[in-house]
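Here are the chains, one letter per residue:
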Amino acid sequence: MKHKIRLNGKLMLDKYSAMEHLSNRFGLIKGVTNLDALWDELSSLNRIEKISLIHSGALIDYDYGQKIMKLLIDYVHLKEITFHVK
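The sections below set out a description of the structure shown in this document.

**Some details on helix α4 (residues 63-79)**
When the terminal C-alpha atoms of α4 are compared, their 25 Å separation across 17 residues agrees well with the 24 Å that a helix rising 1.5 Å per residue should span. For α4, the complete set of buried residues consists of Tyr64, Gly65, Ile68, Met69, Leu71, Leu72, Tyr75 and Val76. Projected onto a plane normal to the axis of α4, the buried residues spread over an arc of 160° and lie on a single side. Exposed and facing more than 90 degrees away from the buried side of α4 are Asp63, Lys67, Lys70 and His77. Summarising the contacts, the buried residues of α4 are in contact with β1 (3-8), α1 (15-26), α2 (35-43), β2 (48-54), α3 (56-60) and β3 (82-85). Looking one or two places after α4, you find Glu80, whose phi comes out positive at around 55°.

Below, the structure is given as structure tokens:
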């Protein structure tokens, strides 16, 4: 069964909270603490059909958030997932 993931940029205002929010929303193992580990975990997932990101402006207002956004964009292109951003 495919899943829809809803992310909130306001809950990812620093590296720690971002990794925690992404790990929780994607159902990842605990201990994902950097973008490389996040990419490794996400690239192995095949159960996602759509990702929605609300409050994207809060996420891209800081450097690490911009890196997260790039990773998400790369991920949805790789897996051909629908990506909705507000």
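**Considerations on the packing of α2 against α4**
As a packed pair, α2 and α4 sit with axes 11 Å apart at the nearest point and diverge in direction by 20°. Taken together, α2 and α4 sit at an angle that is classed as roughly parallel. The chirality of how α2 crosses α4 is right-handed. Taking contact as the criterion, the partners of Leu35, Leu38, Trp39, Leu42 and Ser43 in α2 are, on α4, Tyr64, Lys67, Ile68, Leu71, Asp74, Tyr75, Leu78 and Lys79. Per-class residue counts for the contact of α2 with α4 are 9 nonpolar, 1 polar and 3 charged.

**What to know about α1**
Here α1 is 12 residues long and its end C-alpha atoms lie 16 Å apart, about the 16 Å a rise of 1.5 Å per residue gives. The elements touched by buried residues of α1 are β1, α2, β2 and α4. N-cap assignment for α1: the residue whose side-chain oxygen lies 3.0 Å from the backbone N of Tyr16 is Asp14. Of the residues trailing α1, Gly27 is marked for its positive phi of about 65°.

About the criteria used
Residues numbered from 1 in each chain as written. Predicted model: local features only at pLDDT ≥ 70, side-chain atom pairs only at ≥ 80, totals over all residues. Heavy atoms only, no water. Helix = DSSP H or I, 4+ residues; strand = E, 2+ residues; numbered from the N terminus. Expected span 1.5 Å × (residues − 1). Buried < 20%, exposed > 50% of the residue type's maximum accessible area, 1.4 Å probe, protein only. Arc of directions from axis to C-beta. Contact = heavy atoms within 4.5 Å. Axes fitted to C-alpha atoms, helices over the stretch in contact; angles between N-to-C directions. Parallel < 35°, antiparallel > 145°, perpendicular 65-115°, else oblique. Left-handed = near helix turned anticlockwise from the far one by under 90°. Nonpolar A, V, L, I, M, F, W, Y, C, P; charged D, E, K, R; others polar. Polar contact = N/O pair within 3.5 Å; in protein donor to acceptor, adjacent residues only side chain to side chain.

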